[in-house]
Amino acid sequence: MEFQEAVTRQRIPRTIRKGAVERHHMQTEKHKWNILFHRSSSSKQKTKPSEIPVEFLCPVSGTLMKDPVIVSSGHTFERACVQACNTLGFIPTLMDGTVPDFSTVIPNLALKSTILKWCTDYSLDPPNDKTTLNFFSAEKLVHAKILETQQQKPKHPKKNEDQDAGAGIDHLVTDLITHDTWSSDDSPLQLKTPSSCYSSPSSSSADIRAFNLNPKDEDFVRKLKSPLVFEIEEGLISLRNTTRAREDDTRLQLCTSRLLSVLKPLIISRYTNIQVNSVACLVNLSLEKINKIKIVRSGILPLLIDVLKGGFPEAREHACGAIFSLALDDRNKIAIGVLGALSPLLHLLRSDERHRTRHDSGLALYHLSLVQSNVTKLVKLGSVPILLDIVKSGRLGRWVLLLLCNLALCPEGRDAMRDSGGVDFFVGLLKRRDMKYESAQEICVSVLYGLSHGGLRFKGLARAAGAVEVLMQVENTGNDRTKKMVKRIIKILTETRMEEVLEDSGSTRCVSVVKKMGLAQIHKF
(Lines give C-alpha, C1' and ligand atoms only; values in the text may rest on other atoms or scores of the structure.)
Protein backbone atom coordinates (compact mmCIF):
# COMPACT_ATOMS: atom_id res chain seq x y z
CA MET A 1 0.00 0.00 0.00
CA GLU A 2 2.72 2.37 0.89
CA PHE A 3 4.57 1.28 -2.27
CA GLN A 4 1.54 2.19 -4.56
CA GLU A 5 1.17 5.65 -2.99
CA ALA A 6 4.85 6.32 -3.59
CA VAL A 7 4.52 5.33 -7.28
CA THR A 8 1.47 7.61 -7.68
CA ARG A 9 3.30 10.57 -6.18
CA GLN A 10 6.12 10.08 -8.72
CA ARG A 11 3.76 9.89 -11.78
CA ILE A 12 1.86 13.13 -11.09
CA PRO A 13 4.87 15.50 -11.28
CA ARG A 14 6.00 13.80 -14.53
CA THR A 15 2.59 14.35 -16.09
CA ILE A 16 2.56 17.95 -14.92
CA ARG A 17 6.07 18.51 -16.26
CA LYS A 18 5.13 16.87 -19.60
CA GLY A 19 2.09 19.17 -20.00
CA ALA A 20 4.16 22.21 -19.11
CA VAL A 21 6.74 21.27 -21.70
CA GLU A 22 4.04 20.81 -24.37
CA ARG A 23 2.48 24.16 -23.50
CA HIS A 24 5.89 25.84 -23.60
CA HIS A 25 6.63 24.22 -26.97
CA MET A 26 3.29 25.45 -28.42
CA GLN A 27 3.92 28.97 -27.15
CA THR A 28 7.43 28.91 -28.63
CA GLU A 29 6.12 27.74 -32.03
CA LYS A 30 3.37 30.37 -31.95
CA HIS A 31 5.91 33.08 -31.14
CA LYS A 32 8.14 31.81 -33.91
CA TRP A 33 5.31 32.00 -36.48
CA ASN A 34 4.41 35.48 -35.24
CA ILE A 35 7.97 36.60 -35.82
CA LEU A 36 8.03 35.06 -39.30
CA PHE A 37 4.67 36.63 -40.17
CA HIS A 38 5.85 40.01 -38.93
CA ARG A 39 9.03 39.75 -40.92
CA SER A 40 7.23 38.68 -44.11
CA SER A 41 4.65 41.44 -43.85
CA SER A 42 7.22 44.08 -43.05
CA SER A 43 9.46 42.97 -45.91
CA LYS A 44 6.79 44.02 -48.43
CA GLN A 45 6.94 47.64 -47.31
CA LYS A 46 10.01 49.33 -48.73
CA THR A 47 11.64 52.16 -46.92
CA LYS A 48 11.29 55.59 -48.44
CA PRO A 49 14.16 56.39 -50.87
CA SER A 50 16.58 59.14 -49.97
CA GLU A 51 16.45 60.67 -53.47
CA ILE A 52 14.93 60.18 -56.91
CA PRO A 53 16.98 58.20 -59.47
CA VAL A 54 18.76 60.56 -61.82
CA GLU A 55 17.36 58.91 -64.94
CA PHE A 56 13.82 59.78 -63.75
CA LEU A 57 14.57 63.53 -63.69
CA CYS A 58 14.28 65.94 -66.60
CA PRO A 59 17.72 67.41 -67.45
CA VAL A 60 16.15 70.84 -67.97
CA SER A 61 13.85 71.21 -64.95
CA GLY A 62 15.40 68.63 -62.59
CA THR A 63 11.93 67.32 -61.63
CA LEU A 64 10.33 63.89 -61.89
CA MET A 65 9.03 63.40 -65.42
CA LYS A 66 5.33 62.85 -66.10
CA ASP A 67 5.49 62.60 -69.90
CA PRO A 68 9.07 61.64 -70.85
CA VAL A 69 10.01 61.83 -74.53
CA ILE A 70 13.10 60.75 -76.47
CA VAL A 71 14.63 63.32 -78.81
CA SER A 72 16.68 62.69 -81.94
CA SER A 73 19.99 62.65 -80.04
CA GLY A 74 18.76 59.85 -77.73
CA HIS A 75 18.30 61.98 -74.59
CA THR A 76 15.07 61.95 -72.57
CA PHE A 77 13.29 65.11 -71.41
CA GLU A 78 9.89 66.20 -70.13
CA ARG A 79 7.68 66.98 -73.13
CA ALA A 80 6.77 70.49 -71.91
CA CYS A 81 10.46 71.38 -71.53
CA VAL A 82 11.22 70.23 -75.08
CA GLN A 83 8.35 72.32 -76.43
CA ALA A 84 9.53 75.36 -74.47
CA CYS A 85 13.12 74.94 -75.71
CA ASN A 86 11.90 74.70 -79.32
CA THR A 87 9.70 77.75 -78.92
CA LEU A 88 12.47 79.94 -77.50
CA GLY A 89 15.26 78.46 -79.61
CA PHE A 90 17.12 77.30 -76.49
CA ILE A 91 19.70 74.49 -76.89
CA PRO A 92 20.91 73.25 -73.49
CA THR A 93 24.31 71.74 -72.85
CA LEU A 94 24.07 68.72 -70.55
CA MET A 95 26.37 67.72 -67.71
CA ASP A 96 28.40 65.38 -69.93
CA GLY A 97 28.99 68.17 -72.46
CA THR A 98 26.62 66.81 -75.11
CA VAL A 99 24.04 68.94 -76.91
CA PRO A 100 20.57 67.42 -77.55
CA ASP A 101 18.75 67.51 -80.87
CA PHE A 102 15.06 68.46 -80.49
CA SER A 103 14.08 68.00 -84.15
CA THR A 104 12.16 64.75 -83.47
CA VAL A 105 10.19 63.76 -80.37
CA ILE A 106 9.07 60.20 -79.56
CA PRO A 107 7.18 59.19 -76.36
CA ASN A 108 9.34 57.15 -73.96
CA LEU A 109 6.64 54.74 -72.78
CA ALA A 110 9.11 52.33 -71.19
CA LEU A 111 10.56 54.99 -68.87
CA LYS A 112 7.08 56.33 -68.10
CA SER A 113 5.89 52.90 -66.92
CA THR A 114 9.11 52.44 -64.92
CA ILE A 115 8.54 55.74 -63.10
CA LEU A 116 4.93 54.78 -62.28
CA LYS A 117 6.06 51.38 -60.95
CA TRP A 118 8.76 53.02 -58.85
CA CYS A 119 6.18 55.37 -57.30
CA THR A 120 3.87 52.42 -56.57
CA ASP A 121 6.62 50.34 -54.96
CA TYR A 122 7.51 53.16 -52.57
CA SER A 123 3.88 54.22 -51.94
CA LEU A 124 4.44 57.63 -53.53
CA ASP A 125 1.99 59.64 -55.59
CA PRO A 126 2.85 59.46 -59.32
CA PRO A 127 3.57 62.74 -61.13
CA ASN A 128 0.43 64.55 -62.30
CA ASP A 129 -0.65 67.88 -63.77
CA LYS A 130 -0.43 69.63 -60.40
CA THR A 131 3.08 68.43 -59.60
CA THR A 132 4.79 68.82 -63.00
CA LEU A 133 5.56 71.77 -65.22
CA ASN A 134 3.08 72.71 -67.91
CA PHE A 135 4.13 74.47 -71.10
CA PHE A 136 3.92 78.01 -69.74
CA SER A 137 5.79 77.12 -66.56
CA ALA A 138 8.48 75.38 -68.57
CA GLU A 139 8.69 78.39 -70.85
CA LYS A 140 9.29 80.66 -67.85
CA LEU A 141 11.99 78.30 -66.60
CA VAL A 142 13.79 78.23 -69.95
CA HIS A 143 13.48 81.98 -70.22
CA ALA A 144 15.12 82.30 -66.80
CA LYS A 145 18.00 80.12 -68.00
CA ILE A 146 18.47 82.36 -71.03
CA LEU A 147 18.52 85.45 -68.82
CA GLU A 148 21.01 83.76 -66.52
CA THR A 149 23.38 83.15 -69.41
CA GLN A 150 23.09 86.75 -70.58
CA GLN A 151 23.93 88.02 -67.12
CA GLN A 152 26.90 85.73 -66.53
CA LYS A 153 30.37 87.19 -66.96
CA PRO A 154 32.64 85.17 -69.23
CA LYS A 155 35.84 86.07 -67.34
CA HIS A 156 36.92 84.91 -63.87
CA PRO A 157 33.73 83.23 -62.66
CA LYS A 158 33.45 82.80 -58.90
CA LYS A 159 32.35 79.52 -57.38
CA ASN A 160 29.99 81.16 -54.93
CA GLU A 161 28.20 83.01 -57.73
CA ASP A 162 27.76 79.79 -59.70
CA GLN A 163 26.32 78.03 -56.67
CA ASP A 164 23.94 80.91 -55.99
CA ALA A 165 22.80 80.90 -59.61
CA GLY A 166 22.08 77.16 -59.50
CA ALA A 167 20.19 77.58 -56.24
CA GLY A 168 18.14 80.36 -57.80
CA ILE A 169 17.06 78.08 -60.63
CA ASP A 170 16.09 75.34 -58.16
CA HIS A 171 14.00 77.85 -56.19
CA LEU A 172 12.34 78.92 -59.44
CA VAL A 173 11.33 75.33 -60.20
CA THR A 174 9.93 75.01 -56.69
CA ASP A 175 7.92 78.20 -57.07
CA LEU A 176 6.49 77.09 -60.42
CA ILE A 177 5.19 73.88 -58.83
CA THR A 178 2.83 75.13 -56.13
CA HIS A 179 1.70 71.75 -54.74
CA ASP A 180 3.64 69.00 -53.00
CA THR A 181 4.81 66.18 -55.21
CA TRP A 182 4.01 63.50 -52.65
CA SER A 183 0.98 62.58 -50.55
CA SER A 184 0.12 64.48 -47.39
CA ASP A 185 1.03 61.49 -45.19
CA ASP A 186 4.70 61.64 -46.21
CA SER A 187 7.12 64.51 -46.06
CA PRO A 188 8.28 65.88 -49.42
CA LEU A 189 11.19 64.03 -50.96
CA GLN A 190 14.12 66.41 -51.24
CA LEU A 191 15.68 66.62 -54.71
CA LYS A 192 19.43 66.56 -54.36
CA THR A 193 20.10 66.64 -58.09
CA PRO A 194 20.18 70.22 -59.41
CA SER A 195 19.29 71.27 -62.93
CA SER A 196 21.80 69.50 -65.18
CA CYS A 197 22.11 71.96 -68.02
CA TYR A 198 22.95 75.56 -68.69
CA SER A 199 22.26 77.87 -71.54
CA SER A 200 23.98 77.28 -74.83
CA PRO A 201 26.21 79.97 -76.29
CA SER A 202 23.94 79.94 -79.34
CA SER A 203 21.11 81.52 -77.36
CA SER A 204 20.76 85.14 -78.35
CA SER A 205 18.92 88.22 -77.24
CA ALA A 206 16.48 87.68 -80.10
CA ASP A 207 15.19 84.60 -78.25
CA ILE A 208 14.47 86.75 -75.22
CA ARG A 209 12.67 89.36 -77.31
CA ALA A 210 10.60 86.57 -78.87
CA PHE A 211 9.46 85.52 -75.41
CA ASN A 212 8.48 88.97 -74.25
CA LEU A 213 5.11 90.19 -75.44
CA ASN A 214 5.01 93.49 -77.26
CA PRO A 215 2.01 95.79 -76.84
CA LYS A 216 0.44 94.63 -80.13
CA ASP A 217 0.71 91.00 -79.15
CA GLU A 218 -0.71 91.65 -75.70
CA ASP A 219 -3.67 93.52 -77.15
CA PHE A 220 -4.48 90.72 -79.60
CA VAL A 221 -4.17 88.04 -76.92
CA ARG A 222 -6.53 89.95 -74.64
CA LYS A 223 -9.17 90.29 -77.37
CA LEU A 224 -8.90 86.67 -78.53
CA LYS A 225 -9.36 85.44 -74.94
CA SER A 226 -12.54 87.47 -74.48
CA PRO A 227 -15.71 85.52 -73.58
CA LEU A 228 -17.69 87.66 -76.04
CA VAL A 229 -17.89 86.33 -79.58
CA PHE A 230 -18.01 89.74 -81.27
CA GLU A 231 -14.81 90.85 -79.50
CA ILE A 232 -13.03 87.70 -80.69
CA GLU A 233 -14.21 88.37 -84.25
CA GLU A 234 -13.02 91.97 -84.08
CA GLY A 235 -9.64 90.86 -82.76
CA LEU A 236 -9.22 88.26 -85.52
CA ILE A 237 -10.15 90.73 -88.26
CA SER A 238 -7.67 93.25 -86.87
CA LEU A 239 -4.97 90.56 -86.62
CA ARG A 240 -5.67 89.41 -90.17
CA ASN A 241 -5.33 92.93 -91.54
CA THR A 242 -2.16 93.53 -89.54
CA THR A 243 -0.43 90.33 -90.68
CA ARG A 244 -1.43 90.97 -94.29
CA ALA A 245 1.02 93.87 -94.52
CA ARG A 246 4.39 92.96 -96.01
CA GLU A 247 6.45 95.82 -94.65
CA ASP A 248 8.58 95.69 -91.46
CA ASP A 249 8.77 92.57 -89.27
CA THR A 250 5.23 92.56 -87.89
CA ARG A 251 4.68 88.86 -88.70
CA LEU A 252 7.87 87.89 -86.92
CA GLN A 253 6.94 89.85 -83.81
CA LEU A 254 3.39 88.50 -83.64
CA CYS A 255 4.23 84.82 -84.21
CA THR A 256 4.80 84.01 -80.53
CA SER A 257 3.94 80.87 -78.61
CA ARG A 258 1.35 82.81 -76.58
CA LEU A 259 -0.53 84.01 -79.65
CA LEU A 260 -0.38 80.60 -81.34
CA SER A 261 -1.77 78.92 -78.23
CA VAL A 262 -4.67 81.37 -78.20
CA LEU A 263 -5.39 80.66 -81.88
CA LYS A 264 -5.61 76.89 -81.35
CA PRO A 265 -9.19 76.65 -80.01
CA LEU A 266 -10.35 79.33 -82.46
CA ILE A 267 -9.26 77.28 -85.49
CA ILE A 268 -11.80 74.57 -84.68
CA SER A 269 -14.53 77.01 -83.56
CA ARG A 270 -18.07 76.36 -84.80
CA TYR A 271 -18.54 80.06 -85.52
CA THR A 272 -17.91 80.62 -89.22
CA ASN A 273 -16.21 84.01 -88.98
CA ILE A 274 -13.97 82.90 -86.10
CA GLN A 275 -12.77 79.76 -87.86
CA VAL A 276 -12.25 81.44 -91.24
CA ASN A 277 -10.37 84.45 -89.89
CA SER A 278 -8.22 82.46 -87.46
CA VAL A 279 -7.02 80.12 -90.25
CA ALA A 280 -6.45 83.14 -92.52
CA CYS A 281 -4.29 84.74 -89.81
CA LEU A 282 -2.27 81.54 -89.63
CA VAL A 283 -1.71 81.65 -93.40
CA ASN A 284 -0.37 85.20 -93.14
CA LEU A 285 1.94 84.30 -90.25
CA SER A 286 3.29 81.27 -92.15
CA LEU A 287 4.48 83.44 -95.04
CA GLU A 288 7.65 84.23 -93.08
CA LYS A 289 10.24 81.48 -93.40
CA ILE A 290 11.23 81.63 -89.73
CA ASN A 291 7.62 81.24 -88.61
CA LYS A 292 6.97 78.00 -90.53
CA ILE A 293 8.81 75.71 -88.15
CA LYS A 294 7.42 77.58 -85.12
CA ILE A 295 3.85 76.98 -86.25
CA VAL A 296 4.38 73.25 -86.79
CA ARG A 297 6.11 72.83 -83.42
CA SER A 298 3.28 74.66 -81.65
CA GLY A 299 0.91 71.75 -82.31
CA ILE A 300 -1.52 73.60 -84.58
CA LEU A 301 -1.05 71.25 -87.54
CA PRO A 302 -3.51 68.53 -86.34
CA LEU A 303 -6.17 71.22 -85.95
CA LEU A 304 -5.58 72.41 -89.51
CA ILE A 305 -6.02 68.85 -90.72
CA ASP A 306 -9.34 68.69 -88.84
CA VAL A 307 -10.41 71.83 -90.72
CA LEU A 308 -9.50 70.13 -94.00
CA LYS A 309 -11.77 67.24 -93.08
CA GLY A 310 -14.81 69.07 -91.77
CA GLY A 311 -14.33 72.84 -91.63
CA PHE A 312 -16.30 75.54 -93.37
CA PRO A 313 -15.62 75.86 -97.13
CA GLU A 314 -13.68 79.12 -96.90
CA ALA A 315 -11.78 77.82 -93.88
CA ARG A 316 -10.81 74.68 -95.84
CA GLU A 317 -9.48 76.92 -98.60
CA HIS A 318 -7.28 78.82 -96.14
CA ALA A 319 -6.19 75.59 -94.46
CA CYS A 320 -4.95 74.24 -97.82
CA GLY A 321 -2.99 77.45 -98.30
CA ALA A 322 -1.52 77.20 -94.80
CA ILE A 323 -0.36 73.60 -95.28
CA PHE A 324 1.06 74.49 -98.71
CA SER A 325 3.01 77.35 -97.12
CA LEU A 326 4.27 75.15 -94.27
CA ALA A 327 5.28 72.40 -96.73
CA LEU A 328 7.75 74.78 -98.39
CA ASP A 329 10.07 74.17 -95.43
CA ASP A 330 11.80 70.81 -95.86
CA ARG A 331 11.81 70.24 -92.10
CA ASN A 332 8.00 70.16 -92.06
CA LYS A 333 7.33 67.78 -94.96
CA ILE A 334 7.65 64.51 -93.04
CA ALA A 335 5.64 65.78 -90.06
CA ILE A 336 2.78 66.92 -92.28
CA GLY A 337 2.62 63.51 -93.95
CA VAL A 338 2.84 61.57 -90.67
CA LEU A 339 0.03 63.59 -89.07
CA GLY A 340 -2.39 62.57 -91.86
CA ALA A 341 -2.72 65.58 -94.16
CA LEU A 342 -2.29 63.64 -97.42
CA SER A 343 -5.70 61.96 -97.48
CA PRO A 344 -7.85 65.10 -96.94
CA LEU A 345 -5.68 67.09 -99.37
CA LEU A 346 -6.17 64.42 -102.03
CA HIS A 347 -9.92 64.44 -101.40
CA LEU A 348 -10.13 68.23 -101.74
CA LEU A 349 -8.04 68.13 -104.91
CA ARG A 350 -10.50 65.72 -106.42
CA SER A 351 -13.91 66.93 -105.28
CA ASP A 352 -13.88 70.43 -103.81
CA GLU A 353 -15.92 73.03 -105.70
CA ARG A 354 -13.56 75.96 -105.06
CA HIS A 355 -10.81 76.40 -107.62
CA ARG A 356 -8.47 77.99 -105.06
CA THR A 357 -8.90 75.04 -102.70
CA ARG A 358 -8.04 72.55 -105.45
CA HIS A 359 -5.10 74.68 -106.58
CA ASP A 360 -3.52 75.03 -103.11
CA SER A 361 -4.13 71.37 -102.25
CA GLY A 362 -2.39 70.36 -105.47
CA LEU A 363 0.59 72.59 -104.68
CA ALA A 364 0.77 71.20 -101.15
CA LEU A 365 0.69 67.61 -102.41
CA TYR A 366 3.40 68.36 -104.97
CA HIS A 367 5.82 69.73 -102.38
CA LEU A 368 5.01 66.95 -99.93
CA SER A 369 5.73 64.38 -102.66
CA LEU A 370 9.36 65.52 -102.74
CA VAL A 371 9.87 63.27 -99.69
CA GLN A 372 10.01 59.53 -100.33
CA SER A 373 7.90 58.56 -97.30
CA ASN A 374 5.05 60.77 -98.50
CA VAL A 375 5.27 59.31 -102.01
CA THR A 376 4.77 55.81 -100.58
CA LYS A 377 1.78 57.00 -98.55
CA LEU A 378 0.19 58.65 -101.59
CA VAL A 379 0.51 55.48 -103.64
CA LYS A 380 -1.09 53.42 -100.85
CA LEU A 381 -3.96 55.93 -100.71
CA GLY A 382 -4.76 55.14 -104.36
CA SER A 383 -3.74 58.56 -105.64
CA VAL A 384 -2.49 57.45 -109.07
CA PRO A 385 -5.88 56.71 -110.72
CA ILE A 386 -7.36 59.79 -109.07
CA LEU A 387 -4.61 62.04 -110.45
CA LEU A 388 -4.91 60.50 -113.91
CA ASP A 389 -8.65 61.22 -113.92
CA ILE A 390 -7.98 64.84 -112.91
CA VAL A 391 -5.55 65.29 -115.81
CA LYS A 392 -8.06 63.74 -118.21
CA SER A 393 -10.69 66.23 -117.04
CA GLY A 394 -8.35 69.12 -117.89
CA ARG A 395 -8.18 70.58 -114.35
CA LEU A 396 -4.87 71.71 -112.87
CA GLY A 397 -2.92 69.88 -115.52
CA ARG A 398 0.56 71.21 -114.80
CA TRP A 399 0.76 70.62 -111.06
CA VAL A 400 -0.91 67.23 -111.23
CA LEU A 401 1.51 66.18 -113.98
CA LEU A 402 4.43 67.23 -111.80
CA LEU A 403 2.97 65.23 -108.93
CA LEU A 404 2.65 62.18 -111.19
CA CYS A 405 6.25 62.72 -112.27
CA ASN A 406 7.36 62.47 -108.63
CA LEU A 407 5.27 59.34 -108.11
CA ALA A 408 6.92 57.71 -111.14
CA LEU A 409 10.29 57.90 -109.38
CA CYS A 410 9.49 55.13 -106.88
CA PRO A 411 8.81 51.42 -107.64
CA GLU A 412 5.36 51.45 -106.01
CA GLY A 413 4.31 54.49 -108.04
CA ARG A 414 5.53 52.94 -111.29
CA ASP A 415 3.59 49.73 -110.64
CA ALA A 416 0.41 51.65 -109.78
CA MET A 417 0.78 53.85 -112.86
CA ARG A 418 1.26 50.90 -115.20
CA ASP A 419 -1.75 49.15 -113.62
CA SER A 420 -3.89 52.28 -114.16
CA GLY A 421 -3.03 52.62 -117.86
CA GLY A 422 -0.51 55.38 -117.34
CA VAL A 423 1.76 54.37 -120.24
CA ASP A 424 -1.03 54.54 -122.81
CA PHE A 425 -2.34 57.77 -121.26
CA PHE A 426 0.97 59.68 -121.46
CA VAL A 427 1.72 58.41 -124.94
CA GLY A 428 -1.70 59.74 -125.91
CA LEU A 429 -0.87 63.12 -124.38
CA LEU A 430 2.28 63.33 -126.46
CA LYS A 431 0.25 62.73 -129.61
CA ARG A 432 -1.80 65.84 -128.90
CA ARG A 433 -0.53 69.15 -130.26
CA ASP A 434 -2.84 71.46 -128.29
CA MET A 435 -1.13 71.26 -124.92
CA LYS A 436 -1.80 74.28 -122.70
CA TYR A 437 1.69 74.43 -121.19
CA GLU A 438 5.01 74.56 -122.98
CA SER A 439 6.63 72.25 -120.45
CA ALA A 440 3.81 69.68 -120.55
CA GLN A 441 5.60 67.71 -123.26
CA GLU A 442 8.77 67.58 -121.21
CA ILE A 443 6.85 66.45 -118.10
CA CYS A 444 5.13 63.65 -120.04
CA VAL A 445 8.46 62.41 -121.35
CA SER A 446 9.86 62.54 -117.79
CA VAL A 447 7.01 60.36 -116.54
CA LEU A 448 7.57 57.84 -119.34
CA TYR A 449 11.28 57.88 -118.59
CA GLY A 450 10.53 57.00 -114.97
CA LEU A 451 8.10 54.25 -116.01
CA SER A 452 10.73 52.73 -118.30
CA HIS A 453 12.76 51.62 -115.26
CA GLY A 454 10.96 48.65 -113.84
CA GLY A 455 10.79 45.59 -116.08
CA LEU A 456 9.73 44.13 -119.37
CA ARG A 457 6.13 45.11 -118.80
CA PHE A 458 6.75 48.71 -119.82
CA LYS A 459 8.24 47.52 -123.09
CA GLY A 460 5.07 45.67 -124.02
CA LEU A 461 2.72 48.44 -122.95
CA ALA A 462 4.71 51.14 -124.76
CA ARG A 463 4.90 49.17 -127.98
CA ALA A 464 1.17 48.50 -127.85
CA ALA A 465 0.53 52.25 -127.44
CA GLY A 466 2.79 53.14 -130.40
CA ALA A 467 5.32 54.95 -128.23
CA VAL A 468 8.30 54.57 -130.58
CA GLU A 469 6.76 56.57 -133.43
CA VAL A 470 5.46 59.27 -131.08
CA LEU A 471 8.81 59.61 -129.31
CA MET A 472 10.63 59.98 -132.61
CA GLN A 473 8.43 62.95 -133.45
CA VAL A 474 9.04 64.47 -130.01
CA GLU A 475 12.79 64.06 -130.51
CA ASN A 476 12.66 66.41 -133.47
CA THR A 477 10.78 69.18 -131.65
CA GLY A 478 11.82 68.88 -127.97
CA ASN A 479 14.59 70.65 -126.07
CA ASP A 480 17.93 69.11 -125.16
CA ARG A 481 16.76 67.47 -121.92
CA THR A 482 13.73 66.02 -123.63
CA LYS A 483 15.84 64.65 -126.49
CA LYS A 484 18.20 62.87 -124.10
CA MET A 485 15.35 61.15 -122.27
CA VAL A 486 13.62 60.23 -125.55
CA LYS A 487 16.78 58.61 -126.88
CA ARG A 488 17.12 56.58 -123.71
CA ILE A 489 13.51 55.40 -123.83
CA ILE A 490 13.79 54.43 -127.51
CA LYS A 491 16.97 52.51 -126.76
CA ILE A 492 15.18 50.56 -124.02
CA LEU A 493 12.27 49.80 -126.33
CA THR A 494 14.43 48.65 -129.26
CA GLU A 495 17.16 46.70 -127.47
CA THR A 496 16.83 42.93 -127.30
CA ARG A 497 18.64 42.34 -124.00
CA MET A 498 16.31 44.31 -121.77
CA GLU A 499 17.60 42.95 -118.45
CA GLU A 500 21.09 44.41 -118.92
CA VAL A 501 19.69 47.83 -119.73
CA LEU A 502 17.50 47.84 -116.64
CA GLU A 503 20.44 46.91 -114.44
CA ASP A 504 22.55 49.74 -115.87
CA SER A 505 19.81 52.40 -115.56
CA GLY A 506 18.47 52.58 -112.02
CA SER A 507 15.84 54.85 -110.58
CA THR A 508 18.55 57.08 -109.09
CA ARG A 509 19.44 58.30 -112.58
CA CYS A 510 15.81 59.25 -113.10
CA VAL A 511 15.88 61.31 -109.93
CA SER A 512 19.00 63.16 -111.04
CA VAL A 513 17.48 63.93 -114.45
CA VAL A 514 14.34 65.38 -112.92
CA LYS A 515 16.38 67.51 -110.53
CA LYS A 516 18.43 68.83 -113.43
CA MET A 517 15.19 69.78 -115.14
CA GLY A 518 14.34 71.91 -112.13
CA LEU A 519 11.11 70.00 -111.48
CA ALA A 520 12.10 68.88 -108.00
CA GLN A 521 11.98 72.45 -106.68
CA ILE A 522 9.57 75.31 -106.86
CA HIS A 523 10.66 78.90 -106.60
CA LYS A 524 8.05 81.63 -106.62
CA PHE A 525 4.38 81.91 -107.53
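Per an unreviewed UniProt entry, the chain is named RING-type E3 ubiquitin transferase, and its organism is Salix suchowensis. UniProt lists a comment for the chain under the heading Catalytic activity (unreviewed entry), and it reads "S-ubiquitinyl-[E2 ubiquitin-conjugating enzyme]-L-cysteine + [acceptor protein]-L-lysine = [E2 ubiquitin-conjugating enzyme]-L-cysteine + N(6)-ubiquitinyl-[acceptor protein]-L-lysine."

Novice: A description of the confidence of the model for the chain should follow, citing residues and the corresponding values.
Specialist: Across the chain, the average pLDDT comes to 75, with 70% of residues at 70 or higher. Below pLDDT 50 for its whole length, residues 12-17 participates in zero contacts with residues either more than four positions away or in separate chains. Below pLDDT 50 for its whole length, residues 155-213 participates in 107 contacts with residues either more than four positions away or in separate chains.

Novice: I'd like a rundown of the environment of Gly413, residues and numbers included.
Specialist: Structurally, the position occupied by Gly413 is in helix α21 (residues 411-419). Sequence separation between Gly413 and Thr376 is 37 residues, and the spatial gap between their C-alpha atoms is 7.6 Å. With residues up to four places along the chain from it excluded, the contact list for Gly413 reads Val379, Val384 and Leu407.

Novice: Outline the packing of aromatic side chains, listing residues and values.
Specialist: Any two aromatic rings considered together are summarised by their centre-to-centre distance and by the angle between their planes. Applying the stated rule across the entire model yields five aromatic pairs. Each ring, one from Phe425 and one from Phe426, has its centre 5.3 Å from the other, and the planes form 75°; the classification is edge-to-face. Phe426 gets classed as buried once you look at its relative accessible area, which sits at 0%. Taken together, the ring pairs in this structure connect Phe56, Trp118 and Tyr122 into an aromatic cluster.

Novice: How would you sum up helix α24 (residues 456-464)? Please name residues and give values.
Specialist: Within the span of α24, buried status applies to Phe458, Lys459 and Ala462. Within α24, the buried residues cover an arc of 105° as seen down the axis, which keeps them to one side. Where α24 ends, the next residue or the one after it, Gly466, has phi of about 75°, a positive value.

Novice: Let's hear about the pattern of salt bridges: which residues, and what values?
Specialist: A full pass over the atoms with the stated rule returns 14 salt bridges. The partner of Asp129 in a salt bridge is Lys66, and the shortest N-O contact between them spans 3.4 Å. Highlighted residues: Asp129 in the loop between α3 (109-121) and α4 (135-151) and Lys66 in the loop between α1 (2-43) and β1 (68-71), separated in sequence by 63 residues. The exposure class of Asp129 is exposed, given its relative accessible area of 62%. Among the salt bridges present, the one from Arg222 reaches Asp219, with a minimum N-O distance of 2.7 Å. Of this pair, Arg222 and Asp219 both sit in helix α7 (residues 215-224), three residues apart, which is roughly one turn of the helix. The exposure class of Asp219 is partly exposed, given its relative accessible area of 27%.

Novice: Could you give me a rundown of the packing of α24 against helix α26 (residues 480-494), with the residues and numbers involved?
Specialist: Remark: α24 packs on α26, axes separated minimally by 9 Å, with the N-to-C direction vectors making an angle of 100°. Of the possible angle classes, the one that applies to α24 and α26 is roughly perpendicular. The residues of α26 that touch α24, namely those facing Phe458, Lys459, Ala462 and Arg463, are Ile489, Ile492, Leu493 and Thr494. Of the residues belonging to the contact of α24 with α26, the class tally is five nonpolar, one polar and two charged.

Novice: If you had to explain the pairing of β1 to someone new, which residues and values would you point to?
Specialist: Taken together, the three bridges between β1 and strand β2 (residues 76-78) define a ladder with antiparallel strand orientation. Across the sheet, the residue bridging to Val69 is Phe77, located in β2. Counting the residues between successive antiparallel strands, the hairpin from β1 to β2 contains four residues, one of them, Gly74, with a positive phi of roughly 95°. As paired elements, β1 and strand β4 (residues 105-107) share three bridges and run antiparallel to each other. Within β4, the position partnered with Val71 by the bridge is Val105.

Novice: An account of the sheet that holds β4 is requested, with residue identities and associated values reported.
Specialist: An order of β2-β1-β4 is seen for the three strands of this open sheet, with the pairing classed as antiparallel. Of all the strands in the sheet, the pair left with one neighbour each is β2 and β4. In this sheet, neighbouring strand axes are inclined to one another by 40° on average, regardless of whether the strands run parallel or antiparallel. Contacts from helix α2 (residues 79-88) reach β1, β2 and β4, with the element oriented near 90° to β2.

The rules behind the values
Residues numbered from 1 in each chain as written. Predicted model: local features only at pLDDT ≥ 70, side-chain atom pairs only at ≥ 80, totals over all residues. Heavy atoms only, no water. UniProt positions renumbered as here; feature names shortened; annotations may be inferred. pLDDT = per-residue confidence, 0-100. Contact = heavy atoms within 4.5 Å. Helix = DSSP H or I, 4+ residues; strand = E, 2+ residues; numbered from the N terminus. Phe/Tyr/Trp six-rings, centres within 6.5 Å; stacked < 30°, edge-to-face > 60°. Buried < 20%, exposed > 50% of the residue type's maximum accessible area, 1.4 Å probe, protein only. Arc of directions from axis to C-beta. Salt bridge = Lys/Arg side-chain N within 4 Å of Asp/Glu carboxyl O. Axes fitted to C-alpha atoms, helices over the stretch in contact; angles between N-to-C directions. Parallel < 35°, antiparallel > 145°, perpendicular 65-115°, else oblique. Nonpolar A, V, L, I, M, F, W, Y, C, P; charged D, E, K, R; others polar. Pairing = 2+ DSSP bridges.

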